[in-house]
Amino acid sequence: MSGAALGQWRGSRALRIGGCVVAAIIALAVISPWFAPYSAVAFDVRLRFAPPSAAHFFGTDEFGRDVFSRVLVGARYSLAMGFGAMAISVIAGVPLGLLAAFHRGFAEAAIMRAVDLLISLPPILLGLLILAVTPPNLWKTIVAVGIVYIPILTRLTRSVALGLLEEDFVQAARARGEGAVSILAREILPNAWPPIIVESGLRVTFAILLGSSLSFLGLGPQPPSSEWGLMIAESRQFIDRAPWMGLAPGLSLCALLIAVNLFGEGLRERLDPRLSGRGRA
Amino acid sequence: MAGFVVRRLLAVVGVLLAMSVLIFAIVHILPGNVAYAILGEYATPGAVAALEAKLGLNEPLSVQYWHWLAQMLHGNLGQSLSMDRPAAPLIAGALGRSAILAGMSFALVVVLGIGGGVYGATHKGRVSDRTLAFVQFLFIAVPDFFWAILAILFFAAWLHWLPATGYESIAEAGVGGWLAHLLLPVAVLTLGLTAHVSRLARSSMLEVLESRYILAARAKGLPERLVLYRHALRNALPPAITVLAIDAGILMGGIVVIETVFAYPGLGRLLVYAIEQRDLPLLQAGMMVVTAIYAIANLLADFSYALLNPRLRHGRSIR
Amino acid sequence: MPETDLEVAERAPGAGGSSPALRIEDLSVSYATIRGRVRALDHVSLAIPRGQVLGLVGESGSGKSTVVLALLGLLDEAAEVTATALEFEGHDLLGDPVTPRGRRIGTVFQDPSSILNPALPVGLQVAEPLLVHRRMGRAEAFERAKELLAQMGIPRPGAVMRAYPHQLSGGMKQRALIAQALATEPDLLLLDEPTTALDVTVEAQILDLLDGLRAERGLTMLLVSHNLGIVDRICDRVCVLYAGRTLESGPTSALLQAPRHPYTRGLLGALPRPDRLEAAPLVPIPGNLPDLTNPDPGCNFRPRCPFAEQGCAEPQFLSEILPGHWVRCHRVGIVETLPWPLPEPVARAGGGTPERHRERLVEAAEMQRAFRSGGTFARLLGTESVTRAVDGVSLAIGRGESVGLVGESGCGKSTLGRLLLRLLPAESGSLRFAGEAVPEHPAAEFRRRAQIVFQNPDTALNPRQTVAAILSRPLHRFALAEGPEVVREVERLLDLVRLPHAFRSRYPHQLSGGEKQRVGIARALATRPDFVIADEAVSALDVSVQAAVLNLLADLRARLGVAYLFISHDIGVIAHIAERVVVMYRGRLMEEGRTAQVLHPPYHPYTEALLSAVPVVGARERSASRIRLAGDASSAVSAAGCPFAARCPRRIGPLCDTVPPPWQVAAEGHRIACHIPLPTLAAMPPALGG
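From a predicted model like this one, the values you see are computed outputs, not experimental measurements.

J.: Which residues make up the overall build of chain B, and what values do they have?
T.: Within chain B, the secondary structure is distributed over 13 helices and 2 strands. Structurally, chain B occupies a C-alpha span of about 85 × 65 × 40 Å along its principal axes. Evaluated residue by residue, chain B yields a buried proportion of 48% over its 319 residues. Sequence separation of at least 24 residues holds for 70% of the intrachain contacts in chain B that already meet a minimum separation of 6. For chain B, the accessible surface area stands at approximately 14600 Å², while carbon and sulfur atoms represent 68% of it. With 22 positive and 16 negative side-chain charges, chain B shows a spacing of 20 Å between the two charge centroids.

What follows is the structure in structure tokens.
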């Protein structure tokens, strides 16, 4: 099997495995309120620090809450952060990138300088800065992470669009006197979406990572929420007595991140024209 | 080249100025009165007024900004509210400790990352390359704070080999004690980034190895060692340097998290502390320092990129 | 003559009496791909006697470059190589390709820009073989490298030694690469398309250099090329490769003057030649390269051969029809007496209304456009560089006229094309179309009437649209058809460019280069334009396909009355398609006139140099009267005088540097921008011979 074929096959396998696991986690997150064996927030002082057992798969925490139920419910936060922030950065970043590519001049200069400014702080610190002043909650974290990644989508979209605008088939459209909207819809977007989709896939991973890091630092959903980063942060002081309190959400987070990452890699190998050979059919 | 240097320096000054406006604006304009943010929701109007007077919040924002900027340009980073001390020495001390952490990690990332990338590219498709790729995948996908928790669990809580958290200077604990506190945070910071750098170095190296001038170098009958290290690496490094500049930013973000986990008294911990304590002057000052450091790191990356790129060094063509 | 005797037939053709320097016998190379095993080379045998030059000729996909890589042992790891012999001076290259590589075998690849390492100084790269193979000290090796550069005709070798590749022009890079290949005084030089990416005047310089080396050093050379003219210029023997098999091999002049194999005949018939203006239209070879994953056990040219019959399905063998002349065709004796059938009647270019009666369609006056490099900062410091791509060009094109625009790369011809279509804003100058001024942002009617065909078929079509979508968009845009009419119109367009209707639903990646180019032409014609700019429209195509597209364009002009501006660096193509030729250099027009006028004296010294640089098949004897230009089109230019003065071999004095050359009218419609008096220009020897 040649390299290209191998890449295709590996890509589709990564796509399938990653996709299945992500879909399973999404399904679990959706049905968790009915499916979870216990309440995610109810205290049971008699059962503090119970180790994993048949009744409590992942044990209980310092208030006697069932860690398994909390982890199940917590999946929603990670997914919301990952996909929500990605959606924000795509919805804002892609049009800005297109605008910058089409309107060379003032609009481009303004957008690109703003982008330069936003990437002149490392992501977590930009998130910290945005979240520092007002009381944190889930939605603010999602918006902050989304804003952090807007510049990346803007830059990518602009460079892809600029590259396409140089292509002869776009010149041909211009030679027909097509308007900007027609060129955008017919010539640019159909060719620009694969790299944008690939980047969006990557952004989901990074948004989950960044979002859970921010909640780990206390800048996400607040207790008694069962966001995984927050759960890990809270478990630190009991690491000797009840390691399962941190391990359960930690390993779940790892599983989700690995699955999303696999899915993204699979997408990349599928859609990246440099990786997939364009043979004659 | 001279034009390039001047242009980049001017750009850095511009970014710092713009960032100072942005930081100032976020702290002062976002919903939530500063004094209330500091004192809490149930503060008495009298206390609020007193604090506003103390902070100079009664003056117009532009005046406040100019005052703050002028003070900063004179090296005065303001007063920490929660500790009631000048921010500059606090930040300087924390910065020194963070620099040790970051410096060690970054050096390791450069060496291991590029080394791993070259190894992967030259052993493409073999078992060792694929194993490396799998391990790298794990290190990239798993968040560093979780690695930190695992490291504390194994090496401190279970094996008792290393201290879980904290920091001791060489003066207090000797080189051994100092290193023992650094080992875990440096290791955790290094692993994820090394994986990132070596993956990109690998693909950059592979792309170079596919190029026609490498074919030509082999056709010249050069030994493979020369082909790799003189002809290929020289061209694969510039993209790797761009990645390293991005990773310097990720490293600075990682330091915030890792210092928090390991209770390491560095700049990242100080920033999180400032947020927790609503110590806004300290937060502003700390953010400006971080921005400046990151800008300088990017500047250095640009310059080394230019040094490795003959197109920027030697512009004129020869007739 | 034993026609099917295996023993004799498969003996390496071309081996003289003595043992050859290079001997290849039954070399086969195949690769595994997604679509199956590709057989790149299929039992290829050849031999080069010491001191001789063999030309290996073929179109893309013939496997000619694979031969070079196989000799060097540098094929992809996935390649499977077998041969009964792969010997160089008795050394087995199959078992050990490494030892002679770079020591006794020097290689020069095509496209010097991608071959020199961009990150290393040129001097080091030239000296490297000496450092590694001769174990010379650094100082000695660099001194020797400098001498080599000087021997290759590089004017300032010291400066070039310290330079990086991007600082050198293409020609200089190729000279440096030849110096590097010769550094260890090899016995064999492999040349893989050594002049392909270069301008024709620079190509001529490199060919002179190679010819000189051959004469002085008695080097054995293997020259791989798609260009028959180049092969004719420096090779003793020629071997014609098609889809991995040798179809014909023999002494150069015999083979090119009297080709025997139908494919070789086809290739020569498809070649547009500037020296045979009045000859019959080009004869294209129909069809495409066969599928290499499933090689035909019989003759692999048979699907495209006009003389094919049932017997051609049998395996074919090379047979020696004349001493040293081998042909792989069992019908060679019969076929060579048959005339090549013309696929369809082609309207001759140049027919129609005589030009003086023609109404002017496009009138451009004093068009000007410069490009600036460097940003705002450079402008402030005054370090920005300004390239005057088009510098005061006036040009008129009549209704239905075909005008050729010729010049070297970077002369501004493509920019001029874009200015004429208002795809690029002009800095000054006026443009009129059909008698009306065309504003900066032209109306839809101008867009409909003026269209363009691009050079690169791979980027000219939107990869996400089907052929039907590509062709119907212009119809909708200009409301030329509606509803079911659109389908009919798309079919009409496909008919026009001779593509089957089934191509409607295909995507560009499912088409070959020639097919894509036809779709590009159909798209331009969809708007029913009066004027089409063809910007290097055939230069990315193989000769056999190029001829078909050229014929198509000529035919469409005759039938539809479209006016063309045909932009090309290939004067053969221009001479074939254009009624009138415009010669451009560094943003200015040097000469314009009817094709026959421009191709013969009196002409501009630059035209003369261009013409004499063209390697034309069967024109070996021209060398005596050859004009050679120093440098290339990026050479320094005087702002005030003639832009060509610095390179002009007929420069008459300081006048050329300081005073802009006047337009001299040589005949009606023929003008030359030069200081040299017309009678002197008229007395110049004809560059094309005859």
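J.: Now, about the overall build of chain A: what can you tell me, with residues and values included?
T.: A tally of helices and strands in chain A yields 9 helices and 0 strands. Ordering the α and β elements of chain A from the N terminus gives α-α-α-α-α-α-α-α-α. With the principal axes as the frame, chain A shows a C-alpha extent of 80 × 50 × 30 Å. Across chain A, contacts joining residues at least 24 apart in sequence account for 71% of those joining residues at least 6 apart. Of the roughly 11500 Å² of accessible surface on chain A, a fraction of 68% belongs to carbon and sulfur atoms.

J.: Explain the confidence of the model for chain B to me, using residue names and the numbers behind them.
T.: Detailed reading of the predicted coordinates is not advisable wherever pLDDT falls low. All names here are of chain B. When pLDDT is averaged across chain B, the result is 85; 94% of the residues are at 70 or more. Within chain B, helix H9 (residues 212-219) carries the highest mean pLDDT (94), whereas helix H2 (residues 34-39) carries the lowest (64). Across the interface, the model reports ipTM at 0.84; the global pTM reads 0.85.

J.: Residues and numbers for the nonpolar core, please.
T.: Grouped together as the largest cluster of nonpolar side chains are 145 residues, with contacts concentrated most on C:Ile178, C:Leu471 and C:Ile521. When residues in this core are grouped by element, the largest group, 9 residues, is from helix H20 (residues 543-560) of chain C. Leave out the neighbours within four places in its chain, and C:Ile521 touches C:Val453, C:Val497, C:Val549, C:Leu552, C:Leu553 and C:Leu556. Among the nonpolar cores identified, the runner-up in size contains 131 residues, and A:Leu219, A:Phe238, B:Val27 and B:Leu280 belong to it.

J.: Can you tell me about the interface of chain C and chain B, naming the residues and giving the values?
T.: Contact with chain C, which involves 35 residues of that partner, is made by 28 residues of chain B. Carbon and sulfur atoms make up 61% of the surface buried where chain C meets chain B, a total of about 2800 Å² over both sides. The salt bridge involving C:Glu128 is made with B:Lys220; its shortest N-O contact spans 2.8 Å. Linking chain C with chain B are 11 residue pairs in polar contact (both at pLDDT 80 or more). Broken down by element, the residue count for the side of chain C that touches chain B peaks at 6 residues, all from helix H4 (residues 122-133) of chain C. A class-by-class count of the residues in the side of chain C that touches chain B yields 20 nonpolar, 12 polar and 3 charged.

J.: Please provide a residue-by-residue account of the sheet that holds strand S20 (residues 531-535) of chain C, values included.
T.: Residue and element names in this part refer to chain C. Spatial strand order, S19-S20-S21-S16-S22-S23-S25-S24: 8 strands in an open sheet with mixed pairing. Whereas interior strands pair on both sides, the edge strands pair on one side only; in this sheet they are strand S19 (450-453) and strand S24 (663-667). The mean inter-strand angle of the sheet, taken between neighbouring strand axes irrespective of direction, is 20°. Bridge count for strand S22 (residues 580-585) against strand S23 (residues 588-594) is 6 bridges, and the pairing is antiparallel. Following the sheet pairing, Val-583 is matched in S23 by Glu-591. Helix H19 (residues 513-526) contacts S19 and S20 of the sheet and is inclined by roughly 175° relative to S19. On top of the sheet, helix H23 (residues 605-613) reaches strand S16 (402-406), S22 and S23; it is set at about 100° to S22, its chief contact.

J.: Talk me through the pattern of salt bridges; I want residue IDs and the actual numbers.
T.: Oppositely charged side chains are able to pair whenever their charged atoms sit close together. All names here are of chain C. In this structure the tally under the stated criterion is 54 salt bridges over all chains. Glu-579 is the partner of Arg-557 in a salt bridge, and the nearest nitrogen-oxygen pair spans 3.1 Å. Of this pair, Arg-557 sits in helix H20 while Glu-579 is found in the loop between helix H21 (571-577) and S22, placing the two residues 22 residues apart along the sequence. On the accessibility criterion, Arg-557 (8% relative accessible area) is buried. Looking at Glu-579, the relative accessible area reads 12%, which means it is buried. Three or more residues joined by partner-sharing salt bridges are found here, namely Asp-208, Asp-211, Arg-214, Arg-233 and Asp-236.

J.: Just give me the short version of the interface of chain A and chain B, but keep the residues and values in it.
T.: Across the contact, 37 residues belong to chain A and 41 residues belong to chain B. Between chain A and chain B the total buried area reaches about 3700 Å² when both faces are included, carbon and sulfur atoms providing 81% of it. The tally of links from chain A across to chain B stands at 1 salt bridge. Of the charged contacts in the structure, one is a salt bridge between B:Arg199 and A:Glu265, with a shortest N-O distance of 3.0 Å. Our enumeration of links across chain A and chain B arrives at 2 residue pairs in polar contact (both at pLDDT 80 or more). If you tally residues by element for the side of chain A that touches chain B, the top one is helix H9 (residues 244-271) of chain A, at 11 residues. Among the residues forming the side of chain A that touches chain B, the class breakdown is 25 nonpolar, 8 polar and 4 charged.

J.: Can you tell me about the pairing of strand S5 (residues 85-88) of chain C, naming the residues and giving the values?
T.: Residue and element names in this part refer to chain C. For strand S1 (residues 22-33) and S5, the ladder comprises 4 bridges, and the chain directions are antiparallel. Each residue of the ladder has a partner; that of Ile-24, found in S5, is Leu-86. Two elements, S5 and strand S6 (residues 91-92), share 2 bridges in a ladder whose sense is antiparallel. The partner of Phe-88 across the bridge, within S6, is His-91.

J.: Outline the packing of helix H7 (residues 180-216) of chain A against helix H8 (residues 228-235) of chain A, listing residues and values.
T.: Residues and elements named next belong to chain A. Contact pair H7 / H8: the axes reach a minimum separation of 7 Å and the direction vectors enclose 40°. Regarding H7 and H8, the two cross each other, and that crossing is right-handed. Contacts from Ser-212, Ser-215 and Phe-216 of H7 reach H8 at Gly-229, Leu-230, Ile-232 and Ala-233. Grouping the constituent residues of the contact of H7 with H8 by class yields 4 nonpolar, 3 polar and no charged.

J.: Give a description of a nonpolar patch on the surface that names residues and reports values.
T.: Residues and elements named next belong to chain A. A cluster of nonpolar side chains, contributed by Ile-26, Leu-28, Val-30, Ile-31, Trp-34, Phe-35 and Phe-83, occupies part of the molecular surface with about 680 Å² of accessible area. For the nonpolar patch, the leading source of residues is helix H1 (residues 3-35), giving 6 residues. By secondary structure assignment, the location of Val-30 is in helix H1. By relative accessible area, which is 47% here, Val-30 ends up partly exposed.

J.: An account of the packing of helix H5 (residues 87-122) of chain B against helix H8 (residues 170-209) of chain B is needed here, citing residue identities and associated values.
T.: Any two packed helices are characterised by how steeply their axes cross, that is the angle between the axes, and by the distance between the axes. Residue and element names in this part refer to chain B. Two elements in contact, H5 and H8, have axes whose closest approach is 5 Å; the angle formed by their N-to-C orientations is 35°. For the pair H5 and H8, the sense of crossing is right-handed. Per-class residue counts for the contact of H5 with H8 are 21 nonpolar, 8 polar and 1 charged.

J.: Which residues make up the side chain of B:Ser20, and what values do they have?
T.: All names here are of chain B. Within the secondary structure, Ser-20 is located in helix H1 (residues 2-29). Only 2.5 Å separates the side chain of Ser-20 from the backbone oxygen of Leu-17, close enough to count as a polar contact. A distance of 2.6 Å separates a polar atom in the side chain of Ser-20 from a polar atom in the side chain of Tyr-65. Residue contacts for Ser-20: discarding those within four places in its chain leaves Tyr-65, Trp-68, Leu-69 and Met-288.

J.: Provide a residue-level description of the sheet that holds strand S12 (residues 319-322) of chain C, including the pertinent values.
T.: In a beta sheet, neighbouring strands are held together by backbone hydrogen bonds and run either parallel or antiparallel to one another. Residue and element names in this part refer to chain C. As summarised here, the arrangement of the 8 strands in space is S7-S8-S9-S3-S10-S11-S13-S12, forming an open sheet in which the pairing is mixed. A single partner strand is all that each edge strand has here, and the edge strands are strand S7 (105-108) and S12. Ignoring which end each strand starts from, the neighbouring axes of this sheet average 20° apart. As paired strands, strand S3 (residues 53-57) and strand S10 (residues 237-242) are joined by 4 bridges and run parallel to one another. The residue bridging Leu-54 from the neighbouring strand is Arg-237, located in S10. Strands S7 and strand S8 (188-192) of the sheet are contacted by helix H7 (residues 170-182), whose axis makes an angle of about 170° with S7. Docked against the sheet, helix H11 (residues 262-270) engages S10 and strand S11 (245-251), running at close to 100° with respect to S10.

Calculation rules
Residues numbered from 1 in each chain as written. Chains lettered and ligands numbered in written order. Predicted model: local features only at pLDDT ≥ 70, side-chain atom pairs only at ≥ 80, totals over all residues. Heavy atoms only, no water. Helix = DSSP H or I, 4+ residues; strand = E, 2+ residues; numbered from the N terminus. Buried < 20%, exposed > 50% of the residue type's maximum accessible area, 1.4 Å probe, protein only. Contact = heavy atoms within 4.5 Å. Areas by Shrake-Rupley, 256 points an atom, 1.4 Å probe, with all protein chains shown as cover. Lys, Arg positive; Asp, Glu negative; His and termini not counted. Charge placed at Lys NZ, Arg CZ, Asp CG, Glu CD. pLDDT = per-residue confidence, 0-100. Core = buried A, V, L, I, M, F, W, Y, C linked by side-chain atoms within 4.5 Å. Buried area = accessible area lost by both parts, 1.4 Å probe. Salt bridge = Lys/Arg side-chain N within 4 Å of Asp/Glu carboxyl O. Polar contact = N/O pair within 3.5 Å; in protein donor to acceptor, adjacent residues only side chain to side chain. Nonpolar A, V, L, I, M, F, W, Y, C, P; charged D, E, K, R; others polar. Pairing = 2+ DSSP bridges. Axes fitted to C-alpha atoms, helices over the stretch in contact; angles between N-to-C directions. Left-handed = near helix turned anticlockwise from the far one by under 90°. Patch = residues over 30% accessible without salt bridge, like charges linked within 9 Å, V, L, I, M, F, W, Y side chains within 5 Å.

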